[in-house]
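Survey of secondary and tertiary structure
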Amino acid sequence: MSQRSHFSRIIINRLGSMPLAITLLVVLALASVIGTVLQQNQSQQDYLQQFGPLWYWLFRSLGMFDMYHTWWFLTLLGFLMVSLSFCLWRNVPRILKQTRTRKVYISDRAFSHITHQQSWLLRDVSAESLTDNIKNRLKDWEWRSEQRGDTLYLRGDNGRKHKLGYIAVHSAMLVILIGGWLSVHFGFRGDMSVVEGTSEHGISFTEGTGVGHLDMPFEVRCNEFSIDFYPNGMPSEFRSNLTVIDQGKEVLTSDIIVNEPLYYKGVRIYQASFGDGGSDVKLKLYKLDGSGTVRDASTQVYQTYKDEETGITMEITDFRPHNVENMAEAGHVKDFQDMGPSLDFIIRGEGLKPVKVRSFLNAFELNDDNRGSIMMISTTGDKQDFQSVALGIDFSDPQEWALYNAFIRELIQTDPNDKSAKMVAFKAAMTEVFGDKRPDNFQAMAVRVLQATQVLPRMPWPFLPVLEDYEQKYYTGLQLARDPGMNVVWIGSALLVMGLCIMLYISHRKLWLIVRPEQGALRLSMAGISNRNPLNFNREFHTLLSQMEDDLRPHLTAVPNASPQSESK
Amino acid sequence: MTTTIQSPAMASLWFQGKVALVRYWAYLGLLTGATGLALFGGDGYTESGYLPMLISMQGVIWLGTGAVLGGALCVVYSIIRPEQGRSVLAERLVSWGDGILLMVVMMAIFTLFEPSASAVSYEDQSNLLSIKLIMAMNMAFLFSAICYILLLFAPDSFVGRMANITAWLGVYIGGSMLLLRWYESYLFMDGSIGHAPVSNLYEVFMLLFCMMTIIYLQWEKRYQAQAMGAFVLSLVAAGVFFEIWLASVGQADIKPLVPALQSYWMKIHVPLNFVGYSAFGVACGAGMAYLVREWLEVHKPNGTMLRAFPSLEQLDELAYKSVAVGFPAFTLATILGAAWAAEAWGGYWSWDPKETWALIVWLVYAAYLHVRVQHGWEGRTLAWWTVSGFLVTVFCFLGVNMYLSGLHSYGQLS
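Since the structure is predicted, the reported quantities are computational estimates derived from the model, not experimental observations. (Residues numbered from 1 in each chain as written. Chains lettered and ligands numbered in written order. Predicted model: local features only at pLDDT ≥ 70, side-chain atom pairs only at ≥ 80, totals over all residues. Heavy atoms only, no water.)

What to know about the overall build of chain A
In terms of regular secondary structure, chain A is built from 12 helices and 26 strands. Computed over the C-alpha atoms, the radius of gyration of chain A is 41 Å, more than 25% above the 25 Å expected from 2.2 N^0.38 for a compact globule of 569 residues. Overall size of chain A, expressed as C-alpha extent along the three principal axes, is 135 × 60 × 55 Å. In chain A, buried positions account for 44% of the 569 residues. The long-range share in chain A, meaning contacts at least 24 apart out of those at least 6 apart in sequence, stands at 61%. (Helix = DSSP H or I, 4+ residues; strand = E, 2+ residues; numbered from the N terminus. Rg over C-alpha atoms; globule rule 2.2 N^0.38 Å. Buried < 20%, exposed > 50% of the residue type's maximum accessible area, 1.4 Å probe, protein only. Contact = heavy atoms within 4.5 Å.)

Printed below as a string of structure tokens:
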């Protein structure tokens, strides 16, 4: 029995001990680093690609990809809780006892060990007036006195709360950890994408290496999603107009923006992201065989369009209504311009290298000068590798396409060695398209058409897909969360900050005064200690000493015998 | 922030006793008024709407009422309870209020010298007055750092006074310049991008210099720890060079706020965090001074340089004091950051790299506080702890933005 209790005491002492606490704090800090260096909750393919099979397997089995929820990390946190509990268990009774019993009596031996002290021999003064004097000097101190024989002991305390700060801080940490545990076990947090005009009721979230799903007891409909922009094209606001539908009834309609979530039945609904919700897009496929044929292709974002004639497919990946770019050259004053809507897609086909393409609806204009349509092409499929290709003609103007084809047809019939033939061919093409009425800007058009003859025939595809029209539809990315532990965490946090301030800014200072008759006079000895902030206390004590000396001067019998200890720094 | 006033009678009347207490409560009232205005004024809070609201009639009414109420309450209380005369806390804090007020006045004067609205453009911000003020601030801090280093070789000389004055100059120019930048952000795009100047790395760096210097200057004033200045101001000077580099790669421009940052939380969370960071920086300075003094004691016990240093005990205590300032501020800042995250991101804790590194910094200094209580750990360990703790801190506010991606990526360099 006694051996068991001895054993448990050792355990309690170890678990609540300072070295263990320090070790835990440092180990926890080091462990936390891992998850910040290794990006968490990415797709498994990305990890496999990044690390190779061996390291991927090793990291995965250690749960490194969702590190903060692994058993070993949670065990560390658990240890911290246990350590905190035992530390409180061990120290709270002692602290409370100390605060309650403030022993007034101090032995001469203990008194002599106190660093800051001073004594005076005084005449014509009563012990009461001496104690009254110091009590008056230090009004906000708590005083207790005790008479032992002919000696009067007086003890003063200031900042006794200091130790309570210690209790507050450590229990606050425990409360916060409990709050976190409540959040994890009884709360949820997940994403929901709602396309404009539709409603959803399920959320999804990462769960280890997989994805978890949860159904909400209500539906959320997105009526509208909108983005506001600053004049330089940066988004200034994401706004969703949502309706909450509970059991078939519309109960709540409200706008949410980032920083202003919606609250319904204990669940908070946040604006988290957005994207294309499958916009309807129309492309025109300009055939490059010189026939001038144009076909229409209607599809949607995230769909794959297959051209029956050539077997070429276009996987539509994204639509953007605005493309604000800095048009200035490097080193010059920035000049932001909107290049208008664009469509991203991947073209695949037999014998073709799959490439990622961004097609623009509008022609590229620089300094109000029409430079013709452009297209961005990335051979790697990576957006970083987009290279812009000037197509020459402006595809939004059907006449330019007609002119280009007429020119090509005329050009084929001419002798390639004849230098003036180009001019003749172009004139013929002009007449074919416009008749006698040439447009005002035909010179600029001529430049563009000539440029197109350099570019278009080199295109690898049998046709050129160009964005023609769109009906935009966004999806709004919502985050839904319920957090029953949150308020517990806030309570713990408030306690933590309060406790820290008490612990770090209030020092427990104690003063002892002993009044004892000596050679027909009174010997007054005073000593003081502080549990922290020695620099300030040193100063404070010396101020007090000089004040006391002023008060006591009339009664002093001799030069105060400064004890050697009071000289210390 | 104390303005040195030569006449002791005037100073004692203004900075001590009842007058200080009343002024202190008036400042608190002012702050409450500003908070009330953010929460309940106008039609809800918008980031670009706050400053115009502050300087409108509405703002004058809110802030004025707050100040008058605060002061009046204090007067009434001191009539009821005349024996409650002095408050050390009030006397200390009131001069901080005065300092900030002086910065506001300086900023108001600076606005008069701002180029006209037609002369400034968002695309080219080089003619803003704040650019010149930043240059002046940089010069002041660099000069001060040099003076503090010279002081190590010539203790008791006049350079100490010069170092102190230029450090204060840097703080006041820096503080009023940041306020001016707030005003300047309204000069573009019809005021639609106006926001407090704590939104990117460049701006918070200048906040860091000022705060670090102020904290150090407090220690200098109270504990005559001048040799520490060489180390703290050297850290600031290193920061100044980094800031100049940031400007050279085009990070100095006032840019619009992304939607996630448009919240009054930004004004609270960011500066409070930087109180923590800069206090840890000062602790690092004290730790370095400790290590150098220890080295000097062994290798050059009779050198003049040793005379410039405070005692080891004092340096250890100053490092601890700095951590004691920074730790609660950093804790509160992290908690308020969690509160903001709960409002904007759907959870108070997401294990985002920045959050995690904040936790790491917190753990490091929590461990420091534990170690300090633990018997048997000597001053040298603690000094190294403060130095390496600051390296972790620097990684938290700089490295995370530069190397790791996450929810805090708006601080990222682009």
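A short note on the packing of aromatic side chains
Considering all chains together, one arrives at 50 aromatic pairs over all chains under this definition. Residues Phe59 of chain A and Phe65 of chain A carry aromatic rings whose centres are separated by 6.4 Å and whose planes lie at 90° to one another, so their mutual orientation is edge-to-face. Considered together, Phe59 of chain A and Phe65 of chain A belong to a single accessibility category, that of buried residues. Centroid distance Trp357 of chain B to Phe395 of chain B: 4.6 Å. Interplanar angle 55°. Geometry classified as tilted. Taken together, the residues span a long stretch of sequence, with Trp357 of chain B in helix α13 (residues 353-373) and Phe395 of chain B in helix α14 (residues 379-403) at a distance of 38 residues. Its relative accessible area of 9% is what places Trp357 of chain B among the buried residues. Through successive ring pairs, a cluster of aromatic residues spans Phe141, Phe205, Phe209, Phe242, Trp245, Phe274, Tyr277, Phe280, Phe330, Tyr365 and Phe397 of chain B. Above the plane of the ring of Tyr105 of chain A lies Arg148 of chain A, whose end atom (NZ or CZ) is 3.8 Å from the centre. Just above the ring of Phe463 of chain A sits the side chain of Arg295 of chain A; from NZ or CZ to the centre is 5.9 Å. (Phe/Tyr/Trp six-rings, centres within 6.5 Å; stacked < 30°, edge-to-face > 60°. Lys NZ or Arg CZ within 6 Å of the ring centre and 35° of its normal.)

As for α14 of chain B
Here α14 of chain B is 25 residues long and its end C-alpha atoms lie 34 Å apart, about the 36 Å a rise of 1.5 Å per residue gives. Where α14 of chain B bends most, the angle comes to about 40°, and this point is Cys396 of chain B. (Expected span 1.5 Å × (residues − 1). Bend = angle between axes of the 7 residues up to and from the residue.)

Description of the confidence of the model for chain A
Taken residue by residue, chain A gives an average pLDDT of 85. The fraction at 70 or more is 96%. Looking across chain A, the model is least confident in helix α1 (residues 2-15) of chain A, with a mean pLDDT of 72, and most confident in helix α11 (residues 486-505) of chain A, with 94. (pLDDT = per-residue confidence, 0-100.)

Side note on the sheet that holds strand β3 (residues 151-158) of chain A
All names here are of chain A. The 5 strands lie next to each other as β1-β26-β25-β3-β2, forming an open sheet whose pairing is antiparallel. Each edge of the open sheet is held by one strand with a lone partner, namely β1 (116-122) and β2 (142-148). Geometrically, the sheet is characterised by an average inter-axis angle of 15° between neighbouring strands, direction not taken into account. Bridging between β1 and strand β26 (residues 521-530) involves 7 bridges; their strand directions are antiparallel. Across the sheet, residue Gln117 finds its bridge partner in β26, namely Ala527. (Pairing = 2+ DSSP bridges. Axes fitted to C-alpha atoms, helices over the stretch in contact; angles between N-to-C directions.)

Focus on the sheet that holds strand β21 (residues 374-378) of chain A
Residues and elements named next belong to chain A. In space, the 6 strands of this open sheet follow the order β13-β14-β17-β18-β21-β22, with antiparallel pairing throughout. A single partner strand is all that each edge strand has here, and the edge strands are β13 (304-306) and β22 (387-390). Across the sheet, the mean angle separating the axes of adjacent strands is 30° when strand polarity is ignored. Here β13 runs beside strand β14 (residues 313-320); their pairing, made up of 3 bridges, is antiparallel.

Considerations on the environment of Lys334 of chain A
In this fold, Lys334 of chain A is placed in the loop between β15 (324-326) and β16 (336-338). Considered as a pair, Lys334 of chain A and Asn232 of chain A are 102 residues apart in the sequence and their alpha carbons are 9.8 Å apart. Not counting chain neighbours up to four residues away, the residues in contact with Lys334 of chain A comprise Asn326 and Ala328 of chain A together with Glu123 and Asp253 of chain B.

Some remarks on helix α2 (residues 18-37) of chain A
In a regular helix each residue adds 1.5 Å, so 20 residues correspond to 28 Å; α2 of chain A covers 30 Å between its end C-alpha atoms and thus fits that length. For α2 of chain A, the set of buried residues is Ala21, Ile22, Leu24, Leu25, Leu28, Ala29, Ala31, Ser32, Gly35 and Thr36 of chain A. Elements that come into contact with the buried residues of α2 of chain A comprise α4 (71-100) of chain A together with α13 and α14 of chain B.

A word on the environment of Asn138 of chain B
Note that Asn138 of chain B resides in helix α6 (residues 129-153). Judged by relative accessible area, which is 6%, Asn138 of chain B ranks as buried.

A closer look at unusual backbone geometry
The phi angle at Asn259 of chain A is positive, at roughly 80°, despite the residue not being glycine. With respect to the helices and strands, the residue Asn259 of chain A is situated in the loop between β8 (249-257) and β9 (262-264). On the basis of relative accessibility, which here comes to 6%, the residue Asn259 of chain A falls in the buried class. The phi dihedral of Trp351 of chain B falls on the positive side, at around 55°, and the residue is not glycine. Mapped onto the fold, Trp351 of chain B is located in the loop between α12 (312-344) and α13.

Describing the packing of helix α9 (residues 421-434) of chain A against helix α10 (residues 442-455) of chain A
Residue and element names in this part refer to chain A. Following both chains from N to C, one finds α9 and α10 inclined at 115°, their axes separated by 12 Å at the closest point. By crossing handedness, the relation of α9 to α10 is classed as right-handed. Along its contact with α9, which presents Lys422, Phe426, Met430 and Phe434, the element α10 presents Phe442, Met445, Ala446, Val449 and Leu450. Among the residues making up the contact of α9 with α10, the classes are represented as 8 nonpolar, no polar and 1 charged. (Left-handed = near helix turned anticlockwise from the far one by under 90°. Nonpolar A, V, L, I, M, F, W, Y, C, P; charged D, E, K, R; others polar.)

So, the interface of chain B and chain A
Taken together, the contacts link 59 residues of chain B with 57 residues of chain A. Summed over both sides, the interface of chain B with chain A buries roughly 4800 Å², with 66% coming from carbon and sulfur. Together, Pro259, Tyr348 and Trp351 of chain B form the three largest contributors to the area buried by chain B at its contact with chain A, with a combined 14%. Along the contact surface separating chain B from chain A lie 0 salt bridges. At the surface where chain B touches chain A, the tally comes to 17 residue pairs in polar contact (both at pLDDT 80 or more). Looking at the side of chain B that touches chain A, the elements that each hand over two or more residues are α8 (201-223), α12 and α13 of chain B. Among the elements that take part in the side of chain B that touches chain A, α12 of chain B stands out by supplying 18 residues, more than any other. Here the side of chain B that touches chain A is composed, by residue class, of 39 nonpolar, 12 polar and 8 charged. (Buried area = accessible area lost by both parts, 1.4 Å probe. Salt bridge = Lys/Arg side-chain N within 4 Å of Asp/Glu carboxyl O. Polar contact = N/O pair within 3.5 Å; in protein donor to acceptor, adjacent residues only side chain to side chain.)

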